[in-house]
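Examination of the molecular architecture
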Amino acid sequence: MTMYTPLLSQDGEDDAQENSHPWQEEEDEEEVLWSLENMESTKLLGEGKKIYDDPETREEKVKYPSSVFFIIGNEFCERFSYYGMKAILTLYLHYQLHYSEDDSTVIYHVWSMLCYFTPVLGAILADTVLGRFRTIFYISIVYVLGNSVLSLAAIPPIFPDLGPKIVISLIGLFLIALGTGGIKPCVSAFGGDQFVLPQQERQLTQFFSIFYFSINAGSLISTFLTPVLRDDVQCFGDDCYALAFGVPAVLMFVALFLFLAGYSMYTIKPPEGNIVLRVGSCIMHALQQKVRSNQEKEHWLDYADDKFEKQLILDVKVLLKILLLYIPLPFFWALFDQQGSRWTFQATRMDGELGGWTLKPDQMQVVNPFFILLLIPVFDSFIYPVLARCNLLKRQLPRIFTGGVLAGVAFLVSGFLELKLETTYPVPVKSGETRISFINGLPCNVNLGVPWKDQDITLSNLEEHVFKSIEMNNTSEDLDVTLNFETPCGNVNRIDRSTINVSEETAHVVLITADSNIAKMVNINTPDDIEKSGTGLPKLRMLFNIEMVPFNSSVLLQGKTEKYKFYIEETEQGYISGTDFQEVEPDSYEVFMPVSIDTYADEASGTFDVKLGGVYNFFVQKSLDDDAGNETSVKLYEVTPANSVHMLWLIPQYFIITVSEVMFSITGLEFSFTQAPSSMKSVLQAAWLLTVSFGNLIVVIIAEAKFFKRQALEFFLFAVLMFVDMIVFAVLAASYKYVDEIAEDNRLRGVDSEKQGKVNEGYSDETKF
């Protein structure tokens, strides 16, 4: 999961400064900076000399704000709601709303893009109009409404038609994007408002550690639990998306309740003006004045000095140097956020069997927050110190570069894994071709003569033969097929010839069986669906030749935990026909024949096993030989092989992408914090969230362009583009000077650092992420 950025807007001013403007220079000196773990509390004096305050002296008179526990509980529930819903979203779009994988990917990333664009609007709303408390409250209501709308859309009896269901679902997603994005920049900043600074700097650092832990804990639990609710609970005869979306909706309501419960304890500050708008105004004014003015100035931003104070202009100059380095960053998020789309679809085509338990495709996303919680202390306490002793990756920009390269490596790994998976995919029926599967249901061997093959094919009882590629001259043709068998063949009389109508790009199933003792070949009206299930579950249907059983009765499949009914409905083909495919749990099933519409035989007529990703026909047939008794035959036929590559092979690419997140995302935030002027931190954090938004836009563009039909080639394309992107980043970073380097140059030249831009009080040589 992505690093949740605290304090997206300026906050934490001293109580005496609450009603003043955050861009005023005298107030910048006491601005509360976004706290980083393991950073010692510092203060810079006028001479540039650093001293360390005594935390014990500063903290003894200030009580720890108990109100923050309501904020942490609110954040846990909100993140549970967001990541739980997000984990199953692509499968819902694909399987319930019937979008293709490409279209589901596009919708998922457009939605993610909105989720990371709306925080800018939320920050502006909080800082200029409503304040943080009211912004969180009002937008949380929108958030709860969005979750509720999405949950209702997933209930089939309420929206049985696909069209309204799609519209209502998309409205719910839009409201959720407004909600999660609108409160994202406010919750952590509101938590920071509860502390008195500088007396409680240490407690503020601890708060953000617990706050970040609550984010990952909510993500970890919900990403594991929500797929279980979706798949293991059946409602309305299908996967229970209504419950899987409903539980996050309830948690979001709980989040709102917890937030309101602490109202009487909160420190609530009024809106103070938004620095993002002020920076934008400064830049626009400078550009306009440069066009109008004939006067030459050292820097184009200096043209804004007629309206904006010099300090703001100096800070914006520093800001733009950092934003230049942000230009290549969106591509990282284009790769990272595909964990919830392309990688989830990749998992649906893999085997998740773990002993007696089945790992679900959307549960693989739980690996990322798990590794995040594990790797952050490992990197901080071990890996970075060891690399520092070797004089490697001591600075932030090389770490960001390394993280970006590792993201490309993760997609190389996913591409090679996809190449392996391609060997398990069904071979599609091409244009100008057809496919026919013959199944011999007669109680004797038969010789089958087909026009596209010189020699006859011999099939024993219940044997199948598949012609996977038969060339056709027209889109539809009648094929003459001869059938010979030795008599006696049970109760069946001889037939010499039959005509089968076939269509191109279709997988036909032809039953060789008998009706009223007359042998016949029946081309089942519903052809085979050779594609694997979008959810990764087995697909199964029944072929049957049953008499003396009433229509609308059903054959019962009883597994260890689930049971399914396959109904015998009246069709033009009578009692020799087939059902539609339905998804079932991977299991071993016993087959019980109907005695009447509502009752079944006491003893099973047969058993078979189905596995993840497989597509199957099972054939149920009455006895065609009186001498052999009335025993019903049951046989399973594999249409498409089951998944054979295990889902745990996804762990290497998840591990690499998580390591890249630690080095890229967390270090990137540290870099932004330590290098930015103190007045520009909210602008940089808004820009950081926008890089995530634009990253999702890149995925949408590439997915819509459909450069490749093979998913492996698209993964390789993303990897190559990421490597090129990091080369561009390295070129830009090579000329960048860190604030300590600038300060040292200024010291040697005898120049006051403050004249070069506002001093970043958060910078320290000892800063750790």
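What you are looking at is a predicted structure, and each value in this text was computed from that prediction instead of being measured.

Our focus in this paragraph is the overall build of the chain. Along its length, the chain carries 19 helices and 23 strands. Restricting the contact set of the chain to residue pairs at least 6 apart, pairs at least 24 apart contribute 76%. Put simply, the chain shows about 32,300 Å² of open surface, and 57% of that area lies on carbon and sulfur atoms.

What the rule picks out here adds up to 42 aromatic pairs. Members of the aromatic cluster, connected to one another through ring pairs, are Tyr-326, Phe-332, Trp-333, Phe-336, Phe-664 and Trp-688. A cation sits over an aromatic face here: Arg-399 above Tyr-384, 3.6 Å from the ring centre. One cation-aromatic arrangement involves Lys-539 over Phe-581; the distance from NZ or CZ to the ring centre is 5.8 Å.

Attention shifts here to unusual backbone geometry. One non-glycine residue, Leu-393, adopts positive backbone phi at about 50 degrees. Here Leu-393 is to be found in the loop between helix H14 (367-389) and helix H15 (396-422). Look at Lys-706: it is not a glycine, yet its phi comes out positive at around 50 degrees. Assignment of secondary structure puts Lys-706 in the loop between helix H17 (681-705) and helix H18 (711-734). By relative accessible area, Lys-706 is classed as partly exposed at 43%.

Now for the state of the cysteines. Under the counting rule described, the total for this entry stands at 2 disulfides. Here Cys-235 pairs with Cys-240 through a disulfide, and the sulfurs are 2.1 Å apart. Sign of the S-S torsion, about 115 degrees for the bond between Cys-235 and Cys-240, identifies this disulfide as right-handed. Just as Cys-235 is buried, Cys-240 falls in that class too. Take the cysteines of the chain that form disulfides and number them in order along the sequence; they join up as 1-2, 3-4.

Attention now moves to the environment of Arg-134. Note on placement: Arg-134 falls in helix H6 (residues 132-153). Relative accessible area serves as the criterion here: at 38%, Arg-134 is assigned to the partly exposed category. Taking the C-alpha atoms as reference points, Arg-134 and Cys-186, 52 residues apart in sequence, are found 10.0 Å from one another. Here the side chain of Arg-134 touches Leu-130 through a polar contact of 3.1 Å, landing on its backbone oxygen.

Time to look at a nonpolar patch on the surface. A surface patch of nonpolar side chains, amounting to about 630 Å² of accessible area, comprises Ile-221, Phe-224, Leu-225, Leu-354, Trp-357, Leu-648, Ile-651 and Phe-655. Among the secondary structure elements, those contributing two or more residues to the nonpolar patch are helix H8 (201-232) and helix H16 (651-675). Considering every element that reaches the nonpolar patch, the biggest residue donor is H8, with 3 residues. Its location among the elements puts Phe-655 in helix H16.

Below, the discussion takes up the environment of Glu-570. Following the sequence through the fold, Glu-570 ends up in the loop between strand S17 (563-567) and strand S18 (576-578). For Glu-570, a relative accessible area of 61% puts it in the exposed group. Separated by 18 residues in the primary sequence, Glu-570 and Asn-552 have C-alpha atoms spaced 7.5 Å apart.

We now examine the packing of H6 against helix H9 (residues 241-261). Contact geometry of H6 with H9 gives a least axis separation of 9 Å together with a crossing angle of 160 degrees. The orientation of H6 with respect to H9, classified from their angle, is roughly antiparallel. Remark: the crossing between H6 and H9 carries left-handed chirality. Across the interface between the two elements, Phe-133, Ile-136, Phe-137, Ser-140, Ile-141, Tyr-143, Val-144, Asn-147, Ser-148, Leu-150 and Ser-151 of H6 pack against Ala-242, Phe-245, Gly-246, Pro-248, Ala-249, Met-252, Phe-253, Leu-256, Phe-259 and Leu-260 of H9. Here the contact of H6 with H9 is built from residues that sort into 16 nonpolar, 5 polar and no charged.

With that settled, consider the sheet that holds strand S21 (residues 606-610). Strand order in the open sheet formed by 4 strands is S17-S16-S20-S21, with antiparallel pairing between adjacent strands. Looking at which strands have only one partner, the edges of the open sheet turn out to be S17 and S21. On average, each strand axis in the sheet is inclined to that of its neighbour by 30 degrees, with strand direction left out of account. Summarising the sheet, strand S20 (residues 587-592) and S21 pair through 5 bridges and their orientation is antiparallel. Directly across from Glu-590, in S21, lies its bridge partner Thr-607.

Attention shifts here to the side chain of Gln-194. The topology assignment puts Gln-194 in the loop between helix H7 (162-193) and H8. For Gln-194, a relative accessible area of 5% gives the class buried.

Moving on, we get to the confidence of the model for the chain. A low pLDDT score tells you not to read the predicted coordinates there in detail. For the chain, per-residue confidence averages 83 on the pLDDT scale, and residues scoring 70 or more make up 87% of the total. In this model residues 2-59 is a low-confidence stretch, pLDDT under 50, and it forms 170 contacts with partners more than four residues away in sequence or in other chains. Below pLDDT 50 for its whole length, residues 758-769 participates in 55 contacts with residues either more than four positions away or in separate chains.

Bringing the sheet that holds strand S13 (residues 507-515) into the picture now. What the 4 strands build is an open sheet, ordered S10-S7-S13-S14; its pairing is mixed. Lying at the two open borders of the sheet, with one neighbouring strand each, are strand S10 (464-471) and strand S14 (518-523). Here the strands of the sheet are splayed against their neighbours by 20 degrees on average, with no regard to which way each runs. By the bridge criterion, 6 bridges tie S13 to S14 in an arrangement that is antiparallel.

Take H14 next. Turn by turn, an α-helix covers 3.6 residues, leaving residues three or four places apart pointing in a common direction. Its 23 residues place the ends of H14 30 Å apart at the C-alpha level, agreeing with the 33 Å of an ideal helix rising 1.5 Å per residue. When the local axis directions of H14 are compared, the greatest deviation, roughly 55 degrees, occurs at Phe-379. Among all positions in H14, only Val-367, Asn-368, Pro-369, Phe-371, Ile-372, Leu-375, Ile-376, Phe-379, Asp-380 and Tyr-384 are buried. Within two residues after H14, Asn-391 carries a phi angle of roughly 60 degrees, on the positive side.

Further remarks concern the layout of surface pockets. A volume near 740 Å³ is recorded for the second largest pocket. When residues of the lining of the second largest pocket are traced back to their parent elements, those giving at least two are helix H5 (101-130), helix H13 (342-348), H15 and H18. Looking at side-chain class alone, the lining of the second largest pocket contains 5 nonpolar, 5 polar and 12 charged residues.

Looking now at helix H3 (residues 68-87). Across its 20 residues, H3 extends 28 Å between first and last C-alpha, which sits within 8% of the 28 Å expected from 1.5 Å per residue. Of all 20 residues in H3, 17 are buried, a share of seventy percent or more.

Before going further, it helps to examine the pattern of salt bridges. All chains considered together, the criterion is met by 20 salt bridges. For Asp-529, the salt bridge identified is with Lys-539, shortest N-O distance 2.6 Å. In this pair, Asp-529 sits in the loop between S14 and strand S15 (539-545) while Lys-539 sits in strand S15, placing the two residues 10 residues apart along the sequence. Here the salt bridges do not stand alone but share partners, grouping Arg-230, Asp-231, Asp-232, Asp-239, Lys-360 and Asp-362 into one network.

Turning our eyes to something else, we now look at the nonpolar core. Among soluble globular proteins, nonpolar side chains are generally buried collectively. In terms of nonpolar packing, the biggest core is built from 131 residues, with Trp-111, Phe-207 and Leu-397 touching the most fellow members. The element contributing the most residues to this core is H16, with 10 residues. Non-local contacts of Trp-111, meaning those with residues more than four positions away in its chain, are made with Tyr-82, Met-85, Lys-86, Leu-89, Leu-173, Ile-176 and Ala-177. Met-472, Ile-500, Val-510 and Leu-624 belong to the second largest nonpolar core, which has 27 residues in total.

Criteria and cut-off values
Residues numbered from 1 in each chain as written. Predicted model: local features only at pLDDT ≥ 70, side-chain atom pairs only at ≥ 80, totals over all residues. Heavy atoms only, no water. Helix = DSSP H or I, 4+ residues; strand = E, 2+ residues; numbered from the N terminus. Contact = heavy atoms within 4.5 Å. Areas by Shrake-Rupley, 256 points an atom, 1.4 Å probe, with all protein chains shown as cover. Phe/Tyr/Trp six-rings, centres within 6.5 Å; stacked < 30°, edge-to-face > 60°. Lys NZ or Arg CZ within 6 Å of the ring centre and 35° of its normal. Buried < 20%, exposed > 50% of the residue type's maximum accessible area, 1.4 Å probe, protein only. Disulfide = S-S within 2.5 Å. Polar contact = N/O pair within 3.5 Å; in protein donor to acceptor, adjacent residues only side chain to side chain. Patch = residues over 30% accessible without salt bridge, like charges linked within 9 Å, V, L, I, M, F, W, Y side chains within 5 Å. Salt bridge = Lys/Arg side-chain N within 4 Å of Asp/Glu carboxyl O. Axes fitted to C-alpha atoms, helices over the stretch in contact; angles between N-to-C directions. Parallel < 35°, antiparallel > 145°, perpendicular 65-115°, else oblique. Left-handed = near helix turned anticlockwise from the far one by under 90°. Nonpolar A, V, L, I, M, F, W, Y, C, P; charged D, E, K, R; others polar. Pairing = 2+ DSSP bridges. pLDDT = per-residue confidence, 0-100. Expected span 1.5 Å × (residues − 1). Bend = angle between axes of the 7 residues up to and from the residue. 1 Å grid on protein atoms, 1.4 Å probe; cavity = no way out; pocket = protein on both sides within 12 Å on 5 of 7 lines; lining within 4 Å. Points joined across faces, edges and corners; volume = space filled by probe spheres on them. Core = buried A, V, L, I, M, F, W, Y, C linked by side-chain atoms within 4.5 Å.

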